[in-house]
Amino acid sequence: MAEKIVTTEFSEEMQRSYLNYSMSVITARAIPDARDGLKPVQRRVLYDMGELKLGHDKPHRKSARIVGDTMGKYHPHGDSSIYDTLVVLSQDFKKGMPLVDGHGNFGSIEGDGAAAMRYTEARLQKFTEEVYLKDLDKTVHFVPNYDEQEQEPEVLPVRIPNLLVNGSEGIAVGMSTSIPTHNLGEVIDLVQAYIDHPDMTTDEMLAIMPGPDFPTGGILANQCDLKEIYETGVGRLRLRGKIEVELGKRRTDRDKLVITEIPYTMIGAGINKFLTDVAELVETRKLPEVTDISNQSNKDGIRIVLELKKDADIDRIRAVLYKKTKLEDTFGVNMLAIAHGRPETLNLRGILNNYLEFQYENTERKYRVLLEKELEKKEIREGLIHACDVIDLIIAILRGAKNLKDAKACLMEGDTSKIQFRTPGFEEDAKQLRFTEKQATAILEMRLYRLIGLEIMALKKEYDECVKKIWQYEKILKSRANMNQVIQADLAQIKKEFAVPRKTRIEDSKPVVYEETPVQIQNVVFVMDRFGYCKLLDQSIFDRNQETVTQDYRYQIPCQTTDKLCIFTDIGNLHQVRVSEIPFGKLKDKGTPIDNVSKYDGSKEEIVSLVNLGRLTGQLLLFATRRGMVKQVPAEEFITNNRTVAATKLMEGDRLAVVRIIGAENDLVLQTADGMFLRFSMDEIPELKKNSRGVRGIRLGEQDTLERVWFVGQEPQIRYREKDVSLKRLKIARRDTKGTKIRL
């Protein structure tokens, strides 16, 4: 092949390529079609299962077989996306109406993943067969698959507004869709009313279909916003879990708060996160009335139990749960779908219009196909009935014909030139025959038993039924009103067979008001021993026992109850803890593990320094690592609301060794594990951001590491290997040198 070089502008090529890619993701992957409410991968999975004859009354088939067949024929984008789709279509806690009947471990509402596809099996639900795949060959267009070896439907002939019933979620390029699920029966009632009154207002629509219906139940708490959401297609739903109170039946029984339904947004790891959040509220004494938390959920439903102390304020606890946990959450609505080949944000009226337009097309196409079949049947029945009336003539033609072609020509055109009649008188009658080609073929293929009197009567009955059906089909096709009746009757039958009760309660709840008790400002001393047990001591108690406290506790930090403590660890993390969340204790009390009041994990990291953030305003902190990297960082870098952040950036294999507050000292001394000391000016250490690695402070030997940092002035003399060493006697050197070995 001759080389062909195309010269083009790079920016134009990138823009064109990215646009093609984004449109492919939007229209062919992430956004559902407004007609059937399905994404391409969902449509292909359901169609392939139909082709594999996996009906609701057939045995389950291995999921791996379904995934492989779908990928090989229709969706060559990897097995994981196909299997994930199959799993979601089977989960009754994610879909308003599950479309796949899964057999095996298909995941749980608590976030447990499905088993591998080789272990699970699946088949179609009856609802899917009847509502999604029925009349597939009579309604929708088929298009070539990716390699043009197979044909696949452009859309499925879904007979309900699936975009509303099962909703959709997807993230494309530059846009996303998030449509809540709705109740099947209510949606059908709305469609039937909308067909009769297409000019009905949004309020009238909401009187029939009050709002979303999530499979997890719960409470939709902002009913007043639904009108605007359904008119614009965007908005936010405020969802709450359902809390029930179970009073203790005996004196020994505790009162309980039981969560029986959760917000739709808590599906997955949200339940475990909720349990963790409640435990944290208990530990921080924001829910001191809760004595125990247990998750008793099973296949029958959600049941999360909170045991309460006697005379607990239930209204306050409920307010804290809604305010401080995901038991109240928001669901962002963005009803984006592919309408007429392009992404469009649809309101409720737009979704219904697209659905009805699709139904009219399918209904017209279906009844035209049926009409053509009945007209063909009518034509053949007419020919057979007429043939029965002149059966003697037909037999004479067949006996006189030399071949099938001559007999057929005589039946269709009355051509008797090649027919040798054995009985006189039939030739003139044969010339009058004018059967159509289909009639002639049917006559030639007719079996003799059709000449029995009862069979002739059955033939005439079939003919009358054909005429009746033709009249019905033509009636439907000629009038939009008649077509509406057909659609409404079809929807009524679907509702009768498949409708389920509403699960989500819709109301206008007042926003939760929870005022935290303001922390009283008090001077205290935070103390922590070498085992990580900490507590707060009153300032007066500390002053009276200062010598004892200094001996027994590794850290003694004066602070106020409104301050925050910063815990710097050797892996570069900064954990913050409010002083008000640390319990008070007596001098002889053991205290509380620091792990319980912060996100510090003693099994993975070690504390390097612990400082009071409230007293660091305008200060600089010195950071030094085991590999000799140093830097100065302003304390303002660590003012954040996050409980854990990265305090510094470390090289691979490096650890944070020292974090100290810088005073008015001019010189710094670095000490290594091998006893090398290096003194240099503080001016050589640059002031950097917390996410930087710093600069090299000392050149280390192969196995040597930085051990300590001294400020000349704060420690004019130190104790090293049981000898007194004067830091001021060290000569000032340039940073990044090896330092001096002190001789004792």
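Scroll up for the structure.
Conventions we followed
- Residues numbered from 1 in each chain as written.
- Predicted model: local features only at pLDDT ≥ 70, side-chain atom pairs only at ≥ 80, totals over all residues.
- Heavy atoms only, no water.
- Helix = DSSP H or I, 4+ residues; strand = E, 2+ residues; numbered from the N terminus.
- Rg over C-alpha atoms; globule rule 2.2 N^0.38 Å.
- Contact = heavy atoms within 4.5 Å.
- Areas by Shrake-Rupley, 256 points an atom, 1.4 Å probe, with all protein chains shown as cover.
- Lys, Arg positive; Asp, Glu negative; His and termini not counted.
- Charge placed at Lys NZ, Arg CZ, Asp CG, Glu CD.
- Phe/Tyr/Trp six-rings, centres within 6.5 Å; stacked < 30°, edge-to-face > 60°.
- Buried < 20%, exposed > 50% of the residue type's maximum accessible area, 1.4 Å probe, protein only.
- Lys NZ or Arg CZ within 6 Å of the ring centre and 35° of its normal.
- Patch = residues over 30% accessible without salt bridge, like charges linked within 9 Å, V, L, I, M, F, W, Y side chains within 5 Å.
- Salt bridge = Lys/Arg side-chain N within 4 Å of Asp/Glu carboxyl O.
- Pairing = 2+ DSSP bridges.
- Axes fitted to C-alpha atoms, helices over the stretch in contact; angles between N-to-C directions.
- Parallel < 35°, antiparallel > 145°, perpendicular 65-115°, else oblique.
- Nonpolar A, V, L, I, M, F, W, Y, C, P; charged D, E, K, R; others polar.
- Expected span 1.5 Å × (residues − 1).
- Left-handed = near helix turned anticlockwise from the far one by under 90°.
- Polar contact = N/O pair within 3.5 Å; in protein donor to acceptor, adjacent residues only side chain to side chain.

(A) Broad picture of the overall build of the protein. For the protein, the count of helices and strands is 22 helices and 35 strands. The globule rule puts the C-alpha radius of gyration for 744 residues at 27 Å, and the 40 Å found for the protein is more than 25% above it. In terms of overall dimensions, the protein has a C-alpha envelope of 145 × 85 × 45 Å along the principal axes. Residue pairs at least 24 apart in sequence account for 69% of intrachain contacts in the protein once pairs closer than 6 positions are excluded. If you sum the accessible surface of the protein, you get close to 39300 Å²; carbon and sulfur atoms cover 47% of it. For the protein, the distance from the average position of its 113 positive side-chain charges to the average position of its 114 negative side-chain charges is 4 Å.

(B) Main features of the packing of aromatic side chains. Summed over the entire model, instances satisfying the criterion amount to 12 aromatic pairs. Ring geometry for Phe-214 against Phe-331: centres 5.5 Å apart, planes inclined by 65 degrees, an arrangement best described as edge-to-face. In this pair, Phe-214 sits in the loop between helix 9 (202-208) and strand 8 (219-220) while Phe-331 sits in strand 14 (residues 328-334), placing the two residues 117 residues apart along the sequence. Classification of Phe-214 by relative accessible area gives buried; the value is 1%. Ring centres of Phe-568 and Phe-638 lie 5.4 Å apart, and the angle between their planes is 85 degrees; on these two criteria the pair is classed as edge-to-face. Taken as a pair, Phe-568 in strand 21 (residues 564-569) and Phe-638 in the loop between strand 26 (629-634) and strand 27 (644-646) lie far apart in primary sequence, 70 residues in all. Per residue, the accessibility class of Phe-568 equals that of Phe-638, and both read buried. One aromatic cluster in this structure is built from Tyr-47, Tyr-74 and Phe-142. Lying over the aromatic face of Tyr-322, Arg-240 brings its terminal NZ or CZ to 4.8 Å of the ring centre. Over the ring of Tyr-360 we find Arg-480; its NZ or CZ atom is 3.8 Å from the centre of that ring.

(C) Spotlight on a negative patch on the surface. Taken together, the side chains of Glu-51, Asp-147, Glu-148 and Glu-150 present a region of like negative charge at the surface. Residue placement: Glu-150 occurs in the loop between strand 4 (142-144) and strand 5 (151-153).

(D) Broad picture of the sheet that holds strand 26. Strand order in the open sheet made by the 4 strands is 28-25-26-31, with antiparallel pairing throughout. Strand pairing shows two members of the sheet lacking a second neighbour, strand 28 (656-662) and strand 31 (695-696), which therefore form its edges.

(E) Structural detail: the sheet that holds strand 2 (residues 100-103). Spatial ordering of the open sheet is given by 1-3-2, a layout of 3 strands whose pairing is antiparallel. Each edge of the open sheet is held by one strand with a lone partner, namely strand 1 (61-62) and strand 2.

(F) Expanded view of the packing of helix 8 (residues 184-196) against helix 13 (residues 348-389). In the contact formed by helix 8 and helix 13, the axes pass within 11 Å of each other and the chain directions differ by 80 degrees. With respect to helix 13, the axis of helix 8 lies roughly perpendicular. Residues Leu-190, Val-191, Tyr-194 and Ile-195 of helix 8 touch helix 13, and the partners they reach there are Leu-348, Arg-349, Leu-352, Asn-353, Tyr-355 and Leu-356. Looking at the contact of helix 8 with helix 13 residue by residue, the class counts come to 8 nonpolar, 1 polar and 1 charged.

(G) Seen up close, helix 11 (residues 270-283). Relative to the 20 Å expected for 14 residues at 1.5 Å per residue, helix 11 spans 20 Å between its end C-alpha atoms, a close match to the ideal helical length. Those residues of helix 11 hidden inside the fold are in contact with strand 11 (256-261), strand 12 (290-295), strand 13 (304-308) and helix 12 (314-324).

(H) Up close: the pairing of strand 24 (residues 607-612). The element strand 24 is largely enclosed, with a buried count of 6 among its 6 residues. Alignment of strand 21 against strand 24, held across 5 bridges, turns out to be antiparallel. Residue pairing for strand 24: Phe-568 is matched across the bridge by Ser-609.

(I) Layout of helix 4 (residues 79-90). Taking 1.5 Å as the rise per residue, helix 4 with 12 residues should run 16 Å; its terminal C-alpha atoms sit 17 Å apart, in good agreement. Among all positions of helix 4, only Ile-82, Tyr-83, Thr-85, Leu-86, Val-87, Leu-89 and Ser-90 are buried. Buried-residue contacts for helix 4 involve helix 2 (40-51), helix 3 (63-73), strand 2 and strand 3 (121-124).

(J) A look at unusual backbone geometry. The backbone of Asp-311 sits at a positive phi, close to 60 degrees, despite the residue not being glycine. By the secondary structure assignment, Asp-311 is in the loop between strand 13 and helix 12. With phi around 55 degrees, His-340 is a residue other than glycine that occupies positive phi space. We classify His-340 as exposed; its relative accessible area is 63%.

(K) Focus on the environment of Arg-480. Secondary-structure assignment places Arg-480 in helix 19 (residues 480-498). Here Arg-480 falls in the partly exposed class, since its relative accessible area comes to 47%.

(L) Molecular detail of the pattern of salt bridges. Summed over all chains, the structure comprises 36 salt bridges. The salt bridge involving Lys-138 is made with Asp-137; its shortest N-O contact spans 3.8 Å. You can call Asp-137 exposed: its relative accessible area is 60%. When the shortest N-O distance is used, the salt bridge between Arg-316 and Glu-289 registers 3.1 Å. Taken as a pair, Arg-316 in helix 12 and Glu-289 in the loop between helix 11 and strand 12 lie far apart in primary sequence, 27 residues in all. When its relative accessible area of 14% is taken as the criterion, Glu-289 is described as buried.

(M) Inspection of the packing of helix 13 against helix 17 (residues 437-445) at higher detail. The N-to-C vectors of helix 13 and helix 17 enclose an angle of 55 degrees; their axes lie 9 Å apart at closest approach. What the angle tells us is that helix 13 and helix 17 run oblique. When you trace helix 13 past helix 17, the crossing you get is right-handed. Between helix 13 and helix 17, the contacting residues are Glu-376, Glu-379, Ile-380, Glu-382, Gly-383, Leu-384 and Ala-387 on the first element and Lys-438, Gln-439, Ala-442 and Ile-443 on the second. Among the residues forming the contact of helix 13 with helix 17, the class breakdown is 5 nonpolar, 2 polar and 4 charged.

(N) Structural context of the side chain of Gln-439. For Gln-439, the location among the structural elements is in helix 17. Separated by 2.7 Å, the side chain of Gln-439 and the backbone oxygen of Glu-379 make a polar contact. Leave out the neighbours within four places in its chain, and Gln-439 touches Glu-379, Ile-380, Glu-382 and Gly-383.

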